[in-house]
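Next come the chains, spelled out residue by residue.
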Amino acid sequence: MLSRRSFLGALGLGVMGGSPLGFTAEPASGPRKRLAVITTEWRFHSHAWHMAERFLHGYPINGKWHRPALDVVSAYVDQKPDNDLSRSRADEFGFKIYPTIAETLRCGGDKLAVDAVLIIGEHGKYPKSEYEQTKYPRYEFFKQTTDVFRAEGEVRPVFNDKHLSWNWEWAREMVEIARELKVPFCAGSSLPVTWRMPDVDLPLDSDVEELMCLAMGGIDSYDFHALEVIQCMAERRRGGETGVVAMQALRGDAFWKGMESGSWGNGGWDPKLFDACLTRTQTLAQPETFSHRYPTAEQIRAWVKDPVAYRFEYADGVKATMLLMNGLVGDFTFAARLKNEPQPFSTLFYLPPTPNVVYSASLMAKAEETFMTGKSPTPIERTLLTTGLVEAGVRSLGSGQKRLETPHLQIRYQPPKESTFLRS
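Presented here is an overview of the structure given in this document. (Residues numbered from 1 in each chain as written. Predicted model: local features only at pLDDT ≥ 70, side-chain atom pairs only at ≥ 80, totals over all residues. Heavy atoms only, no water.)

## Some points on the sheet that holds strand β7 (residues 158-161)
Think of a sheet as strands paired side by side through backbone hydrogen bonds, with each pair either parallel or antiparallel. Which entries qualify depends on this criterion: Being paired, for any two strands, means DSSP has found at least two bridges between them. Helix and strand assignments follow DSSP, with helices taken as H or I runs no shorter than four residues and strands as E runs no shorter than two, numbered in order from the N terminus. Should any heavy atoms of two residues lie within 4.5 Å, those residues are considered in contact. Geometry is summarised by axes, namely lines fitted to C-alpha atoms with helices restricted to the contacting stretch, and by angles between N-to-C directions that run from 0 to 180 degrees.
Taking strand neighbours across the sheet as the criterion, the 6 strands line up as β5-β4-β1-β6-β7-β8 in an open arrangement whose pairing is parallel. Where the open sheet ends on each side, the last strands, each with one partner, are β5 (96-97) and β8 (185-188). One ladder, built from 2 bridges, connects strand β4 (residues 70-77) with β5; its direction is parallel. Across the sheet, residue Ser 74 finds its bridge partner in β5, namely Lys 96. Strands β1 (33-39), β4, β6 (116-120), β7 and β8 of the sheet are contacted by helix α6 (residues 138-152), whose axis makes an angle of about 165° with β6.

Dropping the structure here:
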């Protein structure tokens with residue numbers, strides 16, 4: 001079991017407060033830092049396009065166009081499809097693409113030659129696991145990176161896009177390596193740091209009884225985003241994070257039975273939380289000619305062809321449900337039942353539907369903060385726990401939708417005291 005206090009003491013991570021982003025959007029004075037990008041592929045609308053390019057030409061944040069005090073000096077690109085952009089970006093911005101990760105970190109020389117590492121293991125053609133997980137090589141990228149650190153006797157800050165690995169043991173090993181070598185390590189996706197409507201955070205030390213995220217997308221991808229929505233709120237409850245003791249995933253007929261049950265105790269979830277999520281969504285499906293009508297149970301069944309639910313239980317007794325309901329909604333909403341509160345607490349995690357997706361800039365502001373300060377503004381334990389929740393969810397689905405005990409997910413930590421989501 002990982003303790004937040006002992007983990008941070010060994011790892012050298014901290015929590016940054018102050019501004020809504022926890023980090024000034026003005027470039028730091030002094031020498032510019034050198035950044036290495038390690039990615040699966042770099043094409044239009046890929047995560048490398050969303051993230052790495054923020055460090056090539058800057059990004060809008062807090063009403064300004066911010067240019068990070070970092071230069072991309074090297075890159076490793078695992079796959080180069082016909083629409084690859086890495087080579088043209090290298091020509092335009094003056095960095096070199098190397099054939100191995102070790103050469104990328106050493107810039108072709110014999111010594112570590114970068115100040116920070118951005119790892120993006122998303123997109124590309126990779127095999128699937130027996131549980132429908134894409135085997136993105138995030139662990140392999142991180143391991144090769146830290147092998148260089150170990151050989152050199154020096155470490156650099158690392159940001160890892162999304163969850164840590166499709167393999168739980170590898171994800172845990174990544175955190176253990178970071179702790180051993182004292183690597184400043186930040187990870188995750190845009191959901192915890194994007195805008196919210198309304199602009200609220202779950203109050204610290206709330207007495208939480210049940211949580212929900214209603215979302216869209218598929219398993220092993222958008223389930224991670226939806227679980228991050230839950231976890232960045234859940235960790236703020238009274239006592240902080242206690243870890244998760246059990247997971248059960250539902251799909252198809254089992255999902256509809258859960259929805260009809262009317263409560264967690266009967267095998268489903270609180271319908272008041274579902275209603276609260278529907279009041280926050282901006283993408284609620286509608287019958288033809290209607291603009292904003294609450295859907296009937298029959299309409300929901302007709303529109304949602306492949307519903308998925310993850311029902312999981314925290315060690316302190318709090319219950320949570322993640323719902324993927326493509327055809328009903330196209331965004332991420334959150335609701336919580338708080339003790340002695342008559343109405344659910346709820347909000348929308350807002351992702352603007354525009355190609356340049358400014359919300360990924362807010363995530364790269366967190367990466368930049370890690371690179372510039374050597375401290376992560378968000379807890380790596382959150383990403384480790386959500387990584388484990390994804391793995392447990394798909395494993396439950398692939399094992400007859402059985403309830404699985406998860407003693408390995410009893411991960412304890414305390415959340416940042418300051419809210420870290422985008423507010424301007």
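## Some thoughts on the packing of aromatic side chains
Spelled out, the test is: Here a Phe, Tyr or Trp ring, Trp counted by its six-membered ring, pairs with any other such ring whose centre lies within 6.5 Å, and the pair is stacked when the planes are under 30 degrees apart, edge-to-face when over 60, and tilted otherwise. Buried means the residue's accessible area, taken with a 1.4 Å probe over protein chains only, is under 20% of the maximum for its type, while exposed means over 50%, and partly exposed covers the values in between.
Per the counting criterion, the structure on display carries 13 aromatic pairs. For the ring pair Tyr 76 and Phe 141, a centre distance of 5.9 Å and an interplane angle of 85° mean the geometry is edge-to-face. Of the two residues, Tyr 76 sits in strand β4 while Phe 141 sits in helix α6, which places them 65 residues apart along the sequence. A single burial state applies to Tyr 76 and to Phe 141, both of which are buried.

## Quick word on the pairing of strand β11 (residues 244-251)
Walk down a regular strand and you will see the side chains alternate between the two sheet faces. Summarising the sheet, β11 and strand β12 (residues 308-314) pair through 7 bridges and their orientation is antiparallel. Bridge pairing links Ala 246 to Glu 313 in β12.

## What about the sheet that holds strand β16 (residues 404-405)?
Across the sheet, 8 strands lie side by side as β9-β15-β14-β10-β13-β12-β11-β16; this open sheet has mixed pairing. Only two strands of the sheet have a single neighbouring strand rather than two, namely β9 (195-197) and β16. By the bridge criterion, 6 bridges tie strand β10 (residues 208-215) to strand β13 (residues 319-324) in an arrangement that is parallel. Residue pairing across strands places Cys 213 opposite Met 322, the latter belonging to β13. Lying on the sheet, helix α9 (residues 253-261) is in contact with β11, β12 and β13; it crosses β11 at an angle near 110°.

## Considering helix α4 (residues 86-93)
Put simply, the test is: The arc in question is traced by the directions running from the helix axis to the C-beta atoms.
Considered for burial, the residues of α4 that qualify are Ser 86, Arg 89 and Ala 90. Burial along α4 is one-sided: seen end-on, the buried residues are contained in an arc of 100°. Looking at α4, the residues exposed on the side facing more than 90 degrees away from the buried face are Asp 91 and Glu 92. At its buried positions, α4 is contacted by α2 (47-51), α3 (54-57), β4 and β5. Of the residues flanking the end of α4, it is Gly 94, one or two places downstream, whose phi is positive at about 80°.

## Examining unusual backbone geometry
Residues apart from glycine generally show negative phi values, whereas peptide bonds are mostly found in trans. Met 197 connects to Pro 198 through a cis peptide bond whose omega is 0°. Looking at the element boundaries, Pro 198 is found in the loop between β9 and β10. For Cys 107, which is not glycine, the phi torsion reads 50° and is therefore positive. If you trace the backbone, Cys 107 turns up in the loop between α5 (101-106) and β6.

## A short note on the pattern of salt bridges
Here is the rule: Whenever Lys or Arg places a side-chain nitrogen within 4 Å of a carboxyl oxygen from Asp or Glu, that contact is recorded as a salt bridge.
A full pass over the atoms with the stated rule returns 27 salt bridges. A salt bridge links Arg 172 to Glu 169; its shortest N-O distance comes to 2.5 Å. Of the two residues, Arg 172 and Glu 169 both sit in helix α7 (residues 168-181), 3 residues apart, roughly one turn of that helix. On the basis of relative accessibility, which here comes to 42%, the residue Glu 169 falls in the partly exposed class. Across the pair Arg 301 and Glu 260 runs a salt bridge whose closest N-O atoms are separated by 2.9 Å. In this pair, Arg 301 sits in helix α11 (residues 297-303) while Glu 260 sits in helix α9, placing the two residues 41 residues apart along the sequence. Each of Glu 209, Glu 210, Asp 270 and Arg 337 takes part in salt bridges that share partners, so that together they form one network.

## Overview of the pairing of β10
Of all 8 residues in β10, 7 are buried; the element is thus mostly enclosed. Inspection of the sheet shows β10 paired to strand β14 (residues 332-338) by 6 bridges, in the antiparallel sense. Opposite Glu 210, over in β14, you have Arg 337 as the bridge partner.

## Some words on the state of the cysteines
The cut-off we apply is this: Any cysteine sulfur atom paired with another within 2.5 Å is treated as part of a disulfide.
Considering all chains together, one arrives at 0 disulfides under this definition. No disulfide involves Cys 186; its nearest neighbouring cysteine sulfur is the one of Cys 232, lying 13 Å away. Here Cys 232 stays unpaired: no disulfide links it, and the sulfur of Cys 213, its closest cysteine neighbor, is 9.3 Å away. For Cys 232, a relative accessible area of 4% corresponds to the buried category.

## A short note on the environment of Leu 56
Residue position: Leu 56 is located in helix α3. The class of Leu 56 is buried, set by a relative accessible area of 16%. Sequence-wise, Leu 56 and Gly 239 are 183 residues apart; in three dimensions their C-alpha atoms are separated by 41 Å. When near neighbours in sequence (up to four residues on either side) are disregarded, Leu 56 contacts Trp 42, Val 72, Arg 89, Phe 93 and Phe 95.

No statement about biological role is implied by the geometric values presented.
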